[in-house]
Amino acid sequence: MSDDEFPERAETVIIGAGIVGNSLAYHLAKQGREDILLMDKGPLPDPGGSTGHASNFLMPVDHSKEMTHLTQRSIEQYDDMDTFTNSGGIEVARTDERMAELERRVQSAKAWGEPGELLSVEEIEEMVPYVNTDIIKGGFYSPGAGTCDPLRAGEVMRARADDAIDGGLTVSPNTEVLDMHVENGEIRAVETDRGTVEAGEVVIAAGLWSPKIAEMAGVEIPLTPAVHQMVSVGPISFFEDYEGEISFPVVRDMDTQMYERQHGNDLEVGSYQHRPILWDVDDVPSIEESPLSPTQPPLTDDAFEQSMEDALEIVPELLDDPQAGVRHEIDGLLSVTPDGMPLLGPLQDVDGLWSCAAVWIKEAPAIGEAVAQWMTRGWSEIDLHGSDVNRFYQYGTSEEFVKNRAHEGFQKIYGIVHPSEQWQSSRPLRTSPFYNRQDDLGARFFEAAGWERPQWFESNEDLVRKYNAELDGLLRGNEWDSRWWSPIILGEHLHMREHVGMIGDMGFGKFDFVGSDVVDYLETMAVGRVDVDVGKTVYTPILAENGGFVSDLTMARLGPDHYRVITGGAAAGADRAWFGSHIPDDADVTMIDRTESLCTLGVWGPDAREVVQSVTEEDMSHEAFPPYSAQEITVGEVDAWAMRLSYVGELGWEIYAPMGQGQRLWDTIAEAGEAYDIRPVGMGVYGTTGRMEKGYRLHGHELELEYTPAEAGLTFHGVKDADFIGKEAYAEAIEEENAATLCTLSVDDHASESGERRFMLGNEPILDESGEVIVDDHGRESYVTSAGTGPSVGKHLLMAYLPPEYAQEGQHLQVEYMGDQYPVTVEVAGSRPLFDPENERIRS
Amino acid sequence: MNVLACVKRVPNTGAKIVLTDDNQRIDASNLGFTMSPHEECAIEEAIQQVEAHGGSAHVLTLGPEDATEQLRTGLAMQADEATLLETDGAEWGPRATADAIANAVRDLADDGTEFDLLLFGTESADAANYQVGVRVARKLGRPCVTGIKSLDVEDGTAIAGREVSGGEEIYEVDLPAVVTVKEGINEPRYASMRAKMQARKQELDHLEPAGAAGGGTFEKVRLEAPETDDSAAEVLGDGPDAVPEIVEVLESEVEVL
């Protein structure tokens, strides 16, 4: 490992030597990269970024599976480097609402395989005698929590990287990036004040400076520096009797959005409760201009006033120690993104350029490992779809958007965030041509990938009364269960099943592929056979080499050399990157992004044919337009293209039209449907109730890198002759017995211990007869991947992967929700639809 | 015994100094503000003397509204009261500053607060004129000792020690007196969180300073930031193996061998 010679060339350049860059260097070396340059504009071991001032504690339990697993894996790594102290951590509750939230914490702990339990006030007092127990109602204990030393870990990882590749790591501190050289859409070199280095690949791991580096390459990493206020108080005589850095659990005072943690004889007090203070990255000072470090500007006193009062209330004995004073106080700068998750993965407009940014101490080692896996072999062991930098592609990268969402999201950091909670700022941003019509109909819009999508329509309220009898037992009384939900969704569902509904726009990603090599190319991308007749559609998994899911989507053949790929809105940015990066250099394949040029209107239900036929020039009969086929049609004045398929299990079409004619399309269908009482139907039906009854899988819920098509019950394509990514693993998985099989379950009894009827929302653990969380042979916990009511089957439905001994229809199990356990029954093992199992409706 | 500590709001100088475009001021947006270390000791000394002898400790500054930040630091350290001689932010020279402080001391005396001891830092951290304490003493007709690193008060007499080469000079002055202190006289405390919080809520006296900005015999033309040496340190080697390299550097670069 040399730091004096600046190389002219390197296989891999990592920009940023904080905890993230060091972890990347180590794991890339371990994964086989042999010539790595790690640079930072600051000195080592602390180059002046957020790593240098973090409070360094790791609380593993998060409601996000991805984040929990990343933190667990990071703790293992810190521990392996002898830089972890297992102190445990306690989240205390001052309110009843928070106690309920802590029960949900226990639920998440169980679902993600991390220990965690509720504590009484007395138990807290015993573990942390300095907490003022008069003001708390209880707590959540995470025994696996602890603190780390990220600077020391960085040193260990640099040394290990260098060992792993026999001196192949060059470390260059005090090296500032001046420019990024991009040619023909490919990263070529990094220009610095120590020289220019040619690079095969470059990772931006520059923390809050990452957007500036990305900008030099003409791409965007959407994050903003934000202040996290932190002070250190000491010396505290109470701690003098204890050796080492930390002898008491870290305390998170959740309701005040603060934490208090011992650090030697000091107490570190940190806050996320203050008003959001966002910085412009250009205002962050240089190292020379900073008294402490660039990311440690002086504390903004007035913003910290309430935090002081709250800290004095929760740990008065320590803070009122007559010897103790505030020895250190900062506005610590860290990276905040529009949704609070990191920004990882390939920056798709520049080949060879990667983002590894907005990563906090608690997940950094695991993220370095996972991104290194992604870079070197195309997939990571821990699925990173929630952190994919491409999730904001084409809509969420502006400074205004980032600032608005960061401002809003900062206040959610220790908040009680409902799983369906909607963002309020920067809306509406992406609207379909149906938006104004839907708004007039009282649409309650939810956002997905920036798109405004109606979740339900207030104008359909009459349907709740109409289907009163069918909805008996399915209405939600509990406020939490019914937050961001409406019984109108169930009414819309039943109306669609009985008559007809119009749904759209779903916010799909739409990509056309054209060229003489397009068949060969798409064959390599998809499990399903792609070389079908023109006019046919193929629903297919898209896999990584490990046989896990990258995506699932529909391909339609529009011509001999022309296909259209339709994918879910949330996955569109990532799928675009995946498809784009796999087009061979010498292949005649062009990708044309139609996402913003085509809108989609679904017309589904028993009367769909009558409605559509009445305004369409073409013959829409079963014979002329068979199921799973696609054709060009003209609806009224609008030239469109339609696929006969359905994600809600009904007869009907997805009609695609130019955005500019979308409103005309909406009006034409709405008018034609009047005679059939056509109703606008929301995504509550499309994404949940209709889908769940049909057992349709959703990427990011059921379908992840961690599961195979065999386990998901999506092997109906068999193993085709053509090679495709993941073929070997896919074929093996079919041969082997599933470690777990995706099942549809129903809730037998909704009554909680207090007698209230409760409805699970997703991510709850599945327990066996004795109340233990079910774990499969691969160590994966069984949990609810999706939850939703099926009004046509009269049951609340759950999907979950279950090991073979439990994946039996009729098997009785339990689900834990908000501290209570509820009996459930396996209705379907595999992908057979619970509703209309033979798909007669779609084929009618 | 009532003690007054006088302080000045100055930019924190712990990093590279950036000047405003007109070269008239330090751009403190990244630096933040503080007071000189000597003055922090003056406040600490005032508080300790009051803790030992009773009475009350006051802290005073002449400056803009923002300078209340430094007064609150004094209050958080447990000073009892604070007074701002509020300016519009224009720079006051040492003579004008001293006149205004002396006037304020007289006004406060008229209102019933007689100060037995006026403490200053020996010099400010930015201008380092070494003048204000001495001028205030002269103006008020009180004895003054400067550069003090130890201070005891007994029976109306201050015993003040000044470090000199090879020893210490001890002065006895009758109170009321003016003493300018140096860093090292004591170890200034860190304010407790509760005291900081209370200091934020405490009322401050705002007085209009007598006189006007300027008032010096010098005119400031512009500021210049000194050149900084930003070359990186270089490790020449480890242990005895490093000797040849070190000799080479001492011979050819430093030219001392």
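Quantities reported herein were computed from a predicted structural model and do not represent experimental measurements. (Residues numbered from 1 in each chain as written. Chains lettered and ligands numbered in written order. Predicted model: local features only at pLDDT ≥ 70, side-chain atom pairs only at ≥ 80, totals over all residues.)

**Regarding the overall build of chain B**
Turning to step 1, where the next piece is worked out: A tally of regular secondary structure across chain B gives 6 helices and 12 strands.
Turning to step 2, where the next piece is worked out: Principal-axis analysis of the C-alpha atoms places the extent of chain B at approximately 70 × 45 × 40 Å.
Turning to step 3, where the next piece is worked out: For chain B, the residues scored as buried account for 40% of the 257 residues in total.
Turning to step 4, where the next piece is worked out: When contacts within chain B are restricted to residue pairs at least 6 apart in sequence, long-range pairs at least 24 apart make up 72% of them. (Helix = DSSP H or I, 4+ residues; strand = E, 2+ residues; numbered from the N terminus. Buried ≥ 20, exposed ≤ 12 C-beta atoms within 10 Å, placed from the backbone. Contact = placed C-beta atoms within 7 Å.)

**Description of the overall build of chain A**
Turning to step 1, where the next piece is worked out: Each helix and strand in chain A was counted, giving 21 helices and 38 strands.
Turning to step 2, where the next piece is worked out: The C-alpha atoms of chain A give 27 Å as radius of gyration, which agrees with the globular expectation for 844 residues (28 Å, within 12%).
Turning to step 3, where the next piece is worked out: Taking the principal axes of its C-alpha atoms as reference, chain A extends roughly 85 × 65 × 50 Å.
Turning to step 4, where the next piece is worked out: Buried residues in chain A amount to 56% of all 844 residues.
Turning to step 5, where the next piece is worked out: Long-range contacts, defined as pairs at least 24 residues apart, comprise 74% of the intrachain contacts of chain A with a sequence gap of at least 6. (Rg over C-alpha atoms; globule rule 2.2 N^0.38 Å.)

**Observations concerning the interface of chain A and chain B**
Turning to step 1, where the next piece is worked out: The interface of chain A with chain B comprises 21 residues on the first partner and 20 residues on the second.
Turning to step 2, where the next piece is worked out: Taken together, the elements giving at least two residues each to the side of chain A that touches chain B come down to α7 (305–314) and β17 (325–336) of chain A.
Turning to step 3, where the next piece is worked out: Broken down by element, the side of chain A that touches chain B gets its largest block of residues, 5 residues, from α7 of chain A.
Turning to step 4, where the next piece is worked out: Its residues placed into classes, the side of chain A that touches chain B shows 11 nonpolar, 3 polar and 7 charged. (Nonpolar A, V, L, I, M, F, W, Y, C, P; charged D, E, K, R; others polar.)

**Re the environment of tryptophan 666 of chain A**
Residues and elements named next belong to chain A.
Turning to step 1, where the next piece is worked out: Within the secondary structure, tryptophan 666 sits in helix α18 (residues 662–673).
Turning to step 2, where the next piece is worked out: By the C-beta count within 10 Å, which is 25 here, tryptophan 666 ends up buried.
Turning to step 3, where the next piece is worked out: Here the alpha-carbon distance between tryptophan 666 and threonine 147, two residues 519 residues apart in the chain, equals 57 Å.
Turning to step 4, where the next piece is worked out: Setting aside residues up to four positions removed in sequence, tryptophan 666 forms contacts with Phe434, Arg437 and Leu601.

**Some remarks on the nonpolar core**
Turning to step 1, where the next piece is worked out: Counting residues in each nonpolar core, the largest one holds 314 residues, and the members touching the most others are Ile15, Ile204 and Cys356 of chain A.
Turning to step 2, where the next piece is worked out: Setting aside its immediate chain neighbours within four residues, isoleucine 15 of chain A contacts Met39, Val177, Val190, Val202, Val203, Ile204, Ala205, Ala206 and Ile213 of chain A. (Core = buried A, V, L, I, M, F, W, Y, C linked by C-beta atoms within 7 Å.)

**Some words on the sheet that holds strand β37 (residues 812–817) of chain A**
Residues and elements named next belong to chain A.
Turning to step 1, where the next piece is worked out: Spatially, 6 strands are ordered β34-β37-β38-β33-β36-β35 in an open sheet, and the strand pairing comes out antiparallel. Bordering the open sheet on either side are β34 (766–767) and β35 (784–790), each of which pairs with just one other strand.
Turning to step 2, where the next piece is worked out: Together, β35 and β36 (795–802) form the strand contacts of helix α19 (residues 683–694), whose direction differs from that of β35 by roughly 100°. (Pairing = 2+ DSSP bridges. Axes fitted to C-alpha atoms, helices over the stretch in contact; angles between N-to-C directions.)

**Quick notes on the packing of helix α1 (residues 19–30) of chain A against helix α9 (residues 364–377) of chain A**
Packed helix pairs are specified by the crossing angle of their axes together with the interaxial distance, meaning the distance between the axes.
All names here are of chain A.
Turning to step 1, where the next piece is worked out: For the pair α1 and α9, interaxial distance at closest approach is 8 Å and the crossing angle is 45°. Relative to α9, α1 is oriented oblique. As for the relative orientation of α1 and α9, their crossing is right-handed in sense. Residue-level contacts link Ile19, Val20, Ser23, Leu24, Tyr26, His27 and Leu28 of α1 to Ala364, Pro365, Ile367, Gly368, Glu369, Val371, Ala372, Met375 and Thr376 of α9.
Turning to step 2, where the next piece is worked out: A breakdown of the residues in the contact of α1 with α9 according to their chemical character gives 11 nonpolar, 4 polar and 1 charged. (Parallel < 35°, antiparallel > 145°, perpendicular 65-115°, else oblique. Left-handed = near helix turned anticlockwise from the far one by under 90°.)

**Quick word on the confidence of the model for chain B**
Turning to step 1, where the next piece is worked out: In this model, chain B carries an average pLDDT of 91, and 97% of its residues clear a pLDDT of 70 or more.
Turning to step 2, where the next piece is worked out: Under the prediction, the complex receives an ipTM of 0.85, its pTM being 0.94. (pLDDT = per-residue confidence, 0-100.)

**Some remarks on helix α2 (residues 65–80) of chain A**
All names here are of chain A.
Turning to step 1, where the next piece is worked out: Taking 1.5 Å of rise per residue, the 16 residues of α2 would be expected to cover 22 Å, and the 23 Å separating its terminal C-alpha atoms lies within 8% of that figure.
Turning to step 2, where the next piece is worked out: When you tally the buried positions in α2, you get 12 out of 16 residues, the bulk of the element.
Turning to step 3, where the next piece is worked out: Buried residues of α2: Lys65, Glu66, Met67, Thr68, His69, Leu70, Thr71, Gln72, Ser74, Ile75, Gln77 and Tyr78, and no others.
Turning to step 4, where the next piece is worked out: Check the buried side of α2 and you find it contacts β3 (57–58), β4 (84–85), β8 (146–148), α5 (150–164) and α9. (Expected span 1.5 Å × (residues − 1).)

**With respect to the sheet that holds β3 of chain A**
Residues and elements named next belong to chain A.
Turning to step 1, where the next piece is worked out: What the 3 strands build is an open sheet, ordered β3-β8-β4; its pairing is antiparallel. A single partner strand is all that each edge strand has here, and the edge strands are β3 and β4.
Turning to step 2, where the next piece is worked out: Judged from the 2 bridges that link them, β4 and β8 form a sheet pairing that is antiparallel. Directly across from threonine 85, in β8, lies its bridge partner threonine 147.

**Some remarks on the packing of helix α3 (residues 94–110) of chain B against helix α4 (residues 132–140) of chain B**
All names here are of chain B.
Turning to step 1, where the next piece is worked out: Contact pair α3 / α4: the axes reach a minimum separation of 8 Å and the direction vectors enclose 50°. In terms of their interaxial angle, α3 and α4 are classed as oblique. Crossing geometry of α3 relative to α4 is assigned as right-handed. Mapping the contact onto sequence places Pro94, Arg95, Thr97, Ala98, Asp99, Ile101, Ala102 and Val105 in α3 and Val132, Arg135, Val136, Lys139 and Leu140 in α4.
Turning to step 2, where the next piece is worked out: In the contact of α3 with α4, the residues fall into 8 nonpolar, 1 polar and 4 charged.

**A look at unusual backbone geometry**
Residues and elements named next belong to chain A.
Turning to step 1, where the next piece is worked out: Look at the link from arginine 427 to proline 428: it is a cis peptide, with omega at -10°.
Turning to step 2, where the next piece is worked out: Here glycine 504 and aspartate 505 are connected by a cis peptide whose omega angle stands at -10°.
Turning to step 3, where the next piece is worked out: Structurally, the position occupied by aspartate 505 is in the loop between β22 (501–504) and β23 (509–514).
Turning to step 4, where the next piece is worked out: One non-glycine residue, serine 426, adopts positive backbone phi at about 50°.
Turning to step 5, where the next piece is worked out: Looking at the element boundaries, serine 426 is found in the loop between α10 (399–410) and α11 (435–440).
Turning to step 6, where the next piece is worked out: By C-beta crowding, serine 426 is classed as partly exposed, having 19 other C-beta atoms within 10 Å.
Turning to step 7, where the next piece is worked out: At asparagine 839, a residue that is not glycine, the phi angle is positive and equals roughly 55°.
Turning to step 8, where the next piece is worked out: Here asparagine 839 lies in the segment after β38 (820–829).
Turning to step 9, where the next piece is worked out: A tally of 15 C-beta atoms within 10 Å means that asparagine 839 is categorised as partly exposed.

**Remarks on helix α16 (residues 569–581) of chain A**
All names here are of chain A.
Turning to step 1, where the next piece is worked out: The end-to-end C-alpha separation of α16 is 19 Å, in line with the 18 Å expected for 13 residues at 1.5 Å each.
Turning to step 2, where the next piece is worked out: In the structure, α16 departs most strongly from a straight axis at aspartate 575, where the bend amounts to approximately 30°.
Turning to step 3, where the next piece is worked out: Turning to α16, its buried residues number three or more, namely Ala570, Ala571, Ala572, Gly573, Ala574, Asp575, Arg576, Trp578 and Phe579.
Turning to step 4, where the next piece is worked out: In this fold, the buried residues of α16 make contact with β20 (443–448), β23, α15 (518–525), β25 (549–559), β26 (562–567) and β27 (590–593). (Bend = angle between axes of the 7 residues up to and from the residue.)

**What to know about the environment of glycine 14 of chain B**
Turning to step 1, where the next piece is worked out: Take glycine 14 of chain B: it is sitting in the loop between β2 (10–11) and β3 (33–34).
Turning to step 2, where the next piece is worked out: When the C-alpha atoms of glycine 14 of chain B and glycine 32 of chain B are compared, they prove to be 9.9 Å apart, with 18 residues separating the residues in sequence.

**Quick word on the pairing of strand β31 (residues 652–658) of chain A**
Residues and elements named next belong to chain A.
Turning to step 1, where the next piece is worked out: Here β31 lies mainly inside the structure; 6 of its 7 residues are buried.
Turning to step 2, where the next piece is worked out: Pairing analysis gives 7 bridges linking strand β28 (residues 598–604) to β31, with the strands arranged antiparallel. Paired with glycine 602 across the two strands is glutamate 654, which belongs to β31.
Turning to step 3, where the next piece is worked out: Pairing analysis gives 3 bridges linking strand β30 (residues 638–643) to β31, with the strands arranged antiparallel. Directly across from tryptophan 641, in β31, lies its bridge partner tyrosine 656.

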